[in-house]
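Letter by letter, the chains look like this.
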Amino acid sequence: MNADPLEIQKFGELAHRWWDPESEFRPLHEINPLRLDWIDRHANLQGKRVLDVGCGGGILAEGMASRGARVTGIDLSDKALSVARLHLYESNLEIDYRHQSAESLAAEMPATFDVVTCMEMLEHVPDPASIVSACAAMVKPGGHVFFSTLNRNPKSYLLAVVGAEYILQLLPRGTHDYAKFIKPSELARSCRTAGLDVRELIGMSYNPLSKVYSLGSDTDVNYLMYAVRNA
């Protein structure tokens, strides 16, 4: 299975705090409107069949469902999925959460979804190219695929690891392993190999003074990639 048991355990131990906007998951709550608007702008989520790979506690999945998408979320953390399912009683949304890997679902449901998202996950798995390939397999020809991850360079190490985890304490220490960060050129190559046509690369930045996230041209640290499956 393309998963790191220690990563699953790490996030599972924090799962009960997933929906607390002042918890370790505060950055996810703060960036969710940005990434949700970005996805919706490209894919027009209303009425679309959407898969969220590595859905965790369901922050993005619920956001997309609230925009009218029919959402399936998959993850390998039982604890995170339990929290996601429990939160549906509060949000009154309908989402199909499954404890399943991307690769196994790709074998079961090829070319099924209009949109596939995989956000803040690739840097936590042993073989990110395998996840990219599975995402490409599950989206329909002409369908939309969205990724977000962390660039690998000295600046990203200083800001995403030293800054975010140790100085600003935006994230728990040990959240990220710098060696698993992925350069945009590497992710784009995996996309092309999987039959995806990369349409946009955009950066996400954090201003520690204003404490505001924004999308822009700076892809040195966090970045998002939008691709379309070739027909």
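Our subject is the structure listed above.
Residues numbered from 1 in each chain as written. Predicted model: local features only at pLDDT ≥ 70, side-chain atom pairs only at ≥ 80, totals over all residues. Heavy atoms only, no water.

Caption draft 1: Broad picture of the packing of aromatic side chains. Here the structure, examined in full by the defined rule, presents six aromatic pairs. Taking the centre distance of 4.2 Å and the plane angle of 20° together, the rings of Trp18 and Phe25 count as stacked. In this structure Trp18 comes out as buried when scored by relative accessible area, which is 8%. For the pair Tyr157 and Tyr178, a centre-to-centre distance of 5.3 Å together with 75° between the ring planes defines the contact as edge-to-face. (Phe/Tyr/Trp six-rings, centres within 6.5 Å; stacked < 30°, edge-to-face > 60°. Buried < 20%, exposed > 50% of the residue type's maximum accessible area, 1.4 Å probe, protein only.)

Caption draft 2: How the structure looks around the pairing of strand β2 (residues 70–75). With five of six residues buried, β2 is to be regarded as a mostly interior element. Sheet topology note: the strand β1 (residues 49–53)/β2 ladder contains five bridges and is parallel. Its bridge partner being in β2, Arg49 is matched across the sheet by Arg70. Note that the unit made of β1, helix α3 (residues 59–66) and β2 has a crossover that is right-handed. In the sheet, β2 pairs with strand β3 (residues 95–99) via five bridges, with the strands oriented parallel. Each residue of the ladder has a partner; that of Gly73, found in β3, is Tyr97. Taking the sense of rotation as the criterion, the β-α-β connection linking β2, helix α4 (residues 78–91) and β3 turns out right-handed. (Helix = DSSP H or I, 4+ residues; strand = E, 2+ residues; numbered from the N terminus. Pairing = 2+ DSSP bridges. Right-handed = clockwise from strand over helix to strand, strands pointing away.)

Caption draft 3: Inspection of the pattern of salt bridges at higher detail. For the structure on display, the rule yields 15 salt bridges. With a closest N to O distance of 3.5 Å, Arg26 and Glu22 form a salt bridge. Judged by relative accessible area, Arg26 falls into the partly exposed class, the value being 37%. Take Glu22: its relative accessible area is 59%, and that puts it in the exposed class. For the salt bridge of Glu186 with Arg152, the shortest nitrogen-to-oxygen distance reads 2.7 Å. Of this pair, Glu186 sits in helix α8 (residues 184–193) while Arg152 sits in the loop between β5 (139–150) and α7 (154–167); the two residues are 34 residues apart in sequence, bridging distant segments of the chain. (Salt bridge = Lys/Arg side-chain N within 4 Å of Asp/Glu carboxyl O.)

Caption draft 4: Representation of the packing of helix α2 (residues 26–43) against α3. Between α2 and α3, the least distance of the axes is 10 Å, while the angle of their chain directions is 40°. On the basis of their axis angle, the class for α2 and α3 is oblique. Both α2 and α3 take part in a crossing whose hand is right-handed. Contacts between α2 and α3 pair Leu28, His29, Asn32, Arg35, Leu36 and Ile39 from the former with Ile59, Leu60, Gly63 and Met64 from the latter. (Axes fitted to C-alpha atoms, helices over the stretch in contact; angles between N-to-C directions. Parallel < 35°, antiparallel > 145°, perpendicular 65-115°, else oblique. Left-handed = near helix turned anticlockwise from the far one by under 90°. Contact = heavy atoms within 4.5 Å.)

Caption draft 5: Region of interest: the layout of surface pockets. Its boundaries defined by the atoms lining it, the second largest pocket holds a volume of some 180 Å³. What lines the second largest pocket is simply Ser23, Glu24, Arg26, Pro27, Glu30, Leu168, Gln169, Leu170, Tyr206 and Lys211. Ranked by residue count, the leading element in the lining of the second largest pocket is α2, at three residues. Per-class residue counts for the lining of the second largest pocket are four nonpolar, two polar and four charged. (1 Å grid on protein atoms, 1.4 Å probe; cavity = no way out; pocket = protein on both sides within 12 Å on 5 of 7 lines; lining within 4 Å. Points joined across faces, edges and corners; volume = space filled by probe spheres on them. Nonpolar A, V, L, I, M, F, W, Y, C, P; charged D, E, K, R; others polar.)

Caption draft 6: A look at the side chain of Asp52. Mapped onto the elements, Asp52 comes out in strand β1. One buried charged residue, Asp52, remains without a salt bridge, the closest side chain of opposite sign being Arg35 at 6.6 Å. A polar atom in the side chain of Asp52 sits 2.8 Å from the side chain of Thr117. (Lys, Arg positive; Asp, Glu negative; His and termini not counted. Polar contact = N/O pair within 3.5 Å; in protein donor to acceptor, adjacent residues only side chain to side chain.)

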